[in-house]
Amino acid sequence: MTTAISPSASGDFPKEARLCLRTEFKRVYAGEAKLYGRFVVVFAFPNEKERVRMGITATRKLGNAVTRNRVKRRLREIYRRLRARDLAGSSRGLDVVVNVRPSARIASFDELATDVERLWARLLERSR
């Protein structure tokens, strides 16, 4: 089974595209946009930049460090592909936090990508 996400042009995940500070995460959590998926919960908050920045949280409920890091790597790759495809013409800035649910540890890449892609489409529709 393959997903509809196309490969990204650059394949990078630069620092400008990441949420790094605790205050940035807290600001996004305080916002009202919250979407529930099968494997993730997505929070979003508008930012003053002209780009979408993403942060990922994976608690120990997900599993050991190897499992958590594998799921986060998959989510970063999904984000890179979605960013290249959907955000090329977008001038609206968003900060997005993806909380990983424990069910994501058994999800295949395609299942996870489908879930995130569906939530991403809803999020972009809401932000317009």
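Residues numbered from 1 in each chain as written. Predicted model: local features only at pLDDT ≥ 70, side-chain atom pairs only at ≥ 80, totals over all residues. Heavy atoms only, no water.

(A) Molecular detail of the side chain of Asn47. Residue position: Asn47 is located in the loop between strand 2 (40-46) and strand 3 (52-57). Separated by 3.2 Å, the side chain of Asn47 and the backbone oxygen of Leu94 make a polar contact. Side-chain polar atoms of Asn47 contact the side chain of Asp95, separated by 2.7 Å. Ignoring sequence-local partners within four residues, the contact set of Asn47 consists of Arg27, Arg53, Gly93, Leu94 and Asp95. (Helix = DSSP H or I, 4+ residues; strand = E, 2+ residues; numbered from the N terminus. Polar contact = N/O pair within 3.5 Å; in protein donor to acceptor, adjacent residues only side chain to side chain. Contact = heavy atoms within 4.5 Å.)

(B) Structural context of the sheet that holds strand 3. Spatial ordering of the open sheet is given by 1-2-4-3, a layout of 4 strands whose pairing is mixed. Here the strands that pair on one side only, and so sit at the sheet edges, are strand 1 (33-36) and strand 3. Mean inter-strand twist for the sheet, computed between neighbouring axes without regard to direction, equals 20 degrees. (Pairing = 2+ DSSP bridges. Axes fitted to C-alpha atoms, helices over the stretch in contact; angles between N-to-C directions.)

(C) Representation of the nonpolar core within the structure. Judged by nonpolar contacts, the single largest core of 29 residues is most densely connected at Val40, Leu75 and Val96. Within the residue set of this core, elements represented by two or more residues are strand 2, strand 3, helix 2 (65-86), strand 4 (94-100) and helix 3 (109-127). Per-element accounting of this core gives the leading share, 7 residues, to helix 3. Aside from chain neighbours lying at most four places away, what touches Val40 is Leu35, Leu75, Val98, Asn99, Val100, Arg101, Leu112, Asp115, Val116 and Leu119. Counting 6 residues, the second largest nonpolar core, distinct from the first, contains Phe25, Val28, Val41 and Phe43. (Core = buried A, V, L, I, M, F, W, Y, C linked by side-chain atoms within 4.5 Å. Buried < 20%, exposed > 50% of the residue type's maximum accessible area, 1.4 Å probe, protein only.)

(D) Structural detail: the side chain of Asp115. Relative to the elements of secondary structure, Asp115 occurs in helix 3. The class of Asp115 is buried, set by a relative accessible area of 5%. Beyond its immediate sequence surroundings of up to four residues, Asp115 is in contact with Gly37, Arg38, Phe39 and Val40.

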